[in-house]
Amino acid sequence: MRGLWIACLNHTDWPDRRRLGAEQMRADFTALLDSAVATGFNAVFVQVRPTADALWPSRFEPWSQWLTGTQGQDPGWDPLDFMIRAAHERGLPFHAWFNPFRIAIHPDPARLVADHPARRNPRWAVAYDGELYYDPGLAEVREFVLDAVMDAVTRYEVDGVHIDDYFYPYPAPGGRGFPDDGSFAAESRGFTDRAAWRRDNIDLTVRQLRDRVRAARPDAVYGISPFGVWRNRSTDPAGSATTALQAYDAQYCDSRGWVRKGWVDYIAPQLYWHIGFEIADYAVLARWWAAQVADTDTQLWIGQSASRPGAPGRPAPWQDPAELSRHLALNEAVGSIGGDVFFSARTARTDRIGAIRRLAADHWPRPALVPLLPRLAGSAPPAAPAVHPSPDRQDLQITPAPRTGRPHPFLFAVYGYADDPGARPPADPARLVALLPALTVRRYRPPAAATGPWYAVTCVDRAGREGPPSAPVRLPTG
């Protein structure tokens, strides 16, 4: 996984607050995607529900204010439909990113659009630390959140459903607790320990959303990017050798439990710290998380920071362009880490000190297929394509096999060989030379420096299942 987060909250990555016309927004989004492909990213995680709002015509929530500057205002087009098509046309799986319980980054319900669900149901909403949140302790809130998310999942061709780290909010300074006395009194479900009850509220949300996503889109990938520290070892012997905030206790997120119970297809802990950081060392946490996914079917993709390299005020390791490259080298040495997701698109594209270019040069010399989930590996992949030289013998011409009940190809994976690979060419990742979006590309011209001259092509579906290779084709060199 070489994923890229695209954040919409407060215009973090997209859309640009100065360019809110539909044409400009579409151009800016496709420019982000083109930059991602050129760098070597192979999937995008796009924020489509930042603050109890929607980047599509939702049946449940208002249009997002980040699209037009005004919450509830129809932008006159469907951004989610456009973004998915634009990603797929470039061969990028589209993971729809939802924030579950945050309503607004201000505390005033009166500032919400008049028909906002939080105004129609004022008991659902609580103000905390300058923001508004839905109360996860109310069953009707949890059901509403699932309905709002599933509105997008059932109506759009998303490849994944992604939840970020905001369940119960991060603790406010001064120790002020989350104001849920009323919901605890009314819906405690027999719990006497409020912390355990809050964790159960989040567990119910995580598991029930998993069940609904799999029922609606069995091939869709479902995962969460929690805060990077589950618990410290000083609190729990199963925890990490860290001394940082603990998501289990502060946000009531049992992220380790979700992995061990098989409730998520992947976990993407946000390890936005440098190697050697005293309270939360990247090296310590990467190894700890790798141990948690061992002997499970849960993938581990590390959440990396593209914004910290070169940022003013960050410590010396973040002023070194090689820091992120060292993270990926450590991941490769650990061996059970399936990739990374980077926050976020704008800073990855700006790349202040060249840290993204450095890690791509060091670790991404070839394209890579996204990981295939173990639960999807047993079903049939696409059939082999037919591949022929073009009339001038400069290009490969690729024709998918006729549809025969097998999945339709999403990507063509092109493999190169110095010698005749025989009738069954190996689909060896070390020989992968190109990934072509099957929606838009049916030809491949090897670069002048290609080591060829033999090539074979496989078809890969949207879930990552790769079919058998085509018969090998020889193109003249030079």
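The coordinates are above.
Reading the values: rules and limits
- Residues numbered from 1 in each chain as written.
- Predicted model: local features only at pLDDT ≥ 70, side-chain atom pairs only at ≥ 80, totals over all residues.
- Heavy atoms only, no water.
- Helix = DSSP H or I, 4+ residues; strand = E, 2+ residues; numbered from the N terminus.
- Rg over C-alpha atoms; globule rule 2.2 N^0.38 Å.
- Buried < 20%, exposed > 50% of the residue type's maximum accessible area, 1.4 Å probe, protein only.
- Areas by Shrake-Rupley, 256 points an atom, 1.4 Å probe, with all protein chains shown as cover.
- Lys, Arg positive; Asp, Glu negative; His and termini not counted.
- Charge placed at Lys NZ, Arg CZ, Asp CG, Glu CD.
- Core = buried A, V, L, I, M, F, W, Y, C linked by side-chain atoms within 4.5 Å.
- Salt bridge = Lys/Arg side-chain N within 4 Å of Asp/Glu carboxyl O.
- Axes fitted to C-alpha atoms, helices over the stretch in contact; angles between N-to-C directions.
- Left-handed = near helix turned anticlockwise from the far one by under 90°.
- Contact = heavy atoms within 4.5 Å.
- Phe/Tyr/Trp six-rings, centres within 6.5 Å; stacked < 30°, edge-to-face > 60°.
- Lys NZ or Arg CZ within 6 Å of the ring centre and 35° of its normal.
- Expected span 1.5 Å × (residues − 1).
- Polar contact = N/O pair within 3.5 Å; in protein donor to acceptor, adjacent residues only side chain to side chain.

**Student:** Just checking my understanding: could you explain the overall build of the chain for this structure?
**Tutor:** Summing up its helical and strand segments, the chain has 13 helices and 18 strands in all. For 478 residues, the compact-globule estimate of 2.2 N^0.38 gives 23 Å, and the C-alpha radius of gyration of the chain, at 23 Å, lies within 12% of that figure. Dimensions along the principal axes, computed over C-alpha positions, put the chain at roughly 75 × 50 × 45 Å. Counting only residues that meet the buried cut, the chain has 56% of its 478 residues in that class. Within the structure as shown, the chain displays about 19,100 Å² of accessible surface, and the carbon and sulfur contribution to it stands at 50%. The averaged location of the 53 negative side-chain charges in the chain is 3 Å from the averaged location of its 53 positive side-chain charges.

**Student:** Explain the nonpolar core here, please?
**Tutor:** A general tendency of soluble globular proteins is for nonpolar side chains to be buried together. In terms of nonpolar packing, the biggest core is built from 108 residues, with Trp 14, Met 83, Phe 94, Phe 98, Tyr 134, Trp 258 and Phe 342 touching the most fellow members. Listed in part, the 16 residues of the second largest apolar core include Ala 43, Val 221, Tyr 266 and Val 370.

**Student:** Whenever I open this one, the pattern of salt bridges confuses me. Can you help?
**Tutor:** Between side chains of opposite charge, a pair can form as their charged atoms come close. A full pass over the atoms with the stated rule returns 32 salt bridges. Overlapping salt bridges bring together Glu 157, Asp 159, Arg 217 and Arg 462 as one network.

**Student:** Would you mind showing me how to read the packing of helix H11 (residues 323-334) against helix H13 (residues 355-363) here?
**Tutor:** When two helices pack together, their arrangement is given by the angle between the helix axes and the distance between those axes. Interhelical geometry of H11 versus H13 gives an angle of 30° and a closest axis separation of 8 Å. The element H11 and its partner H13 pack so that their crossing is right-handed. Of H13, the residues touching H11 (which contributes Leu 324, Ser 325, Leu 328, Ala 329 and Glu 332) are Ala 355, Ile 356, Arg 358, Leu 359, Asp 362 and His 363.

**Student:** So what exactly am I meant to see when it comes to the packing of aromatic side chains here?
**Tutor:** For any pair of aromatic rings, the description rests on two quantities: the centre-to-centre distance and the angle between the ring planes. The final tally for this structure, using the stated rule, is 28 aromatic pairs. A centroid spacing of 6.3 Å and a plane angle of 65° characterise the contact between Trp 5 and Phe 343, whose relative ring orientation is edge-to-face. You can see Trp 5 sitting in strand S1 (residues 2-6) and its partner Phe 343 sitting in strand S11 (residues 339-343), a full 338 residues away along the chain. For Phe 343, a relative accessible area of 25% corresponds to the partly exposed category. Taking NZ or CZ as reference, Arg 102 lies 4.9 Å from the ring centre of Tyr 166, over its face.

**Student:** Which parts of the structure should I look at to understand helix H1 (residues 22-39)?
**Tutor:** Side chains of residues three or four places apart in an α-helix project in the same direction, reflecting 3.6 residues per turn. Taking 1.5 Å of rise per residue, 18 residues should cover 26 Å, and H1 covers 26 Å from first to last C-alpha, within 8% of that figure. Taken from the residues just after H1, Gly 40 is the one with a positive phi, measuring 120°.

**Student:** Honestly, helix H7 (residues 194-216) in this entry has me stumped. Any pointers?
**Tutor:** Across its 23 residues, H7 extends 33 Å between first and last C-alpha, which sits within 8% of the 33 Å expected from 1.5 Å per residue. Among all positions in H7, only Trp 197, Arg 198, Arg 199, Asn 201, Ile 202, Asp 203, Leu 204, Thr 205, Val 206, Leu 209, Arg 210 and Val 213 are buried. Residues of H7 that are buried make contact with helix H5 (139-155), strand S7 (160-163), helix H6 (181-186), strand S8 (221-224), helix H8 (247-250) and helix H9 (255-260). The opening residue of H7 is Asp 193, an N-cap whose side-chain oxygen sits 2.9 Å from the backbone nitrogen of Ala 195.

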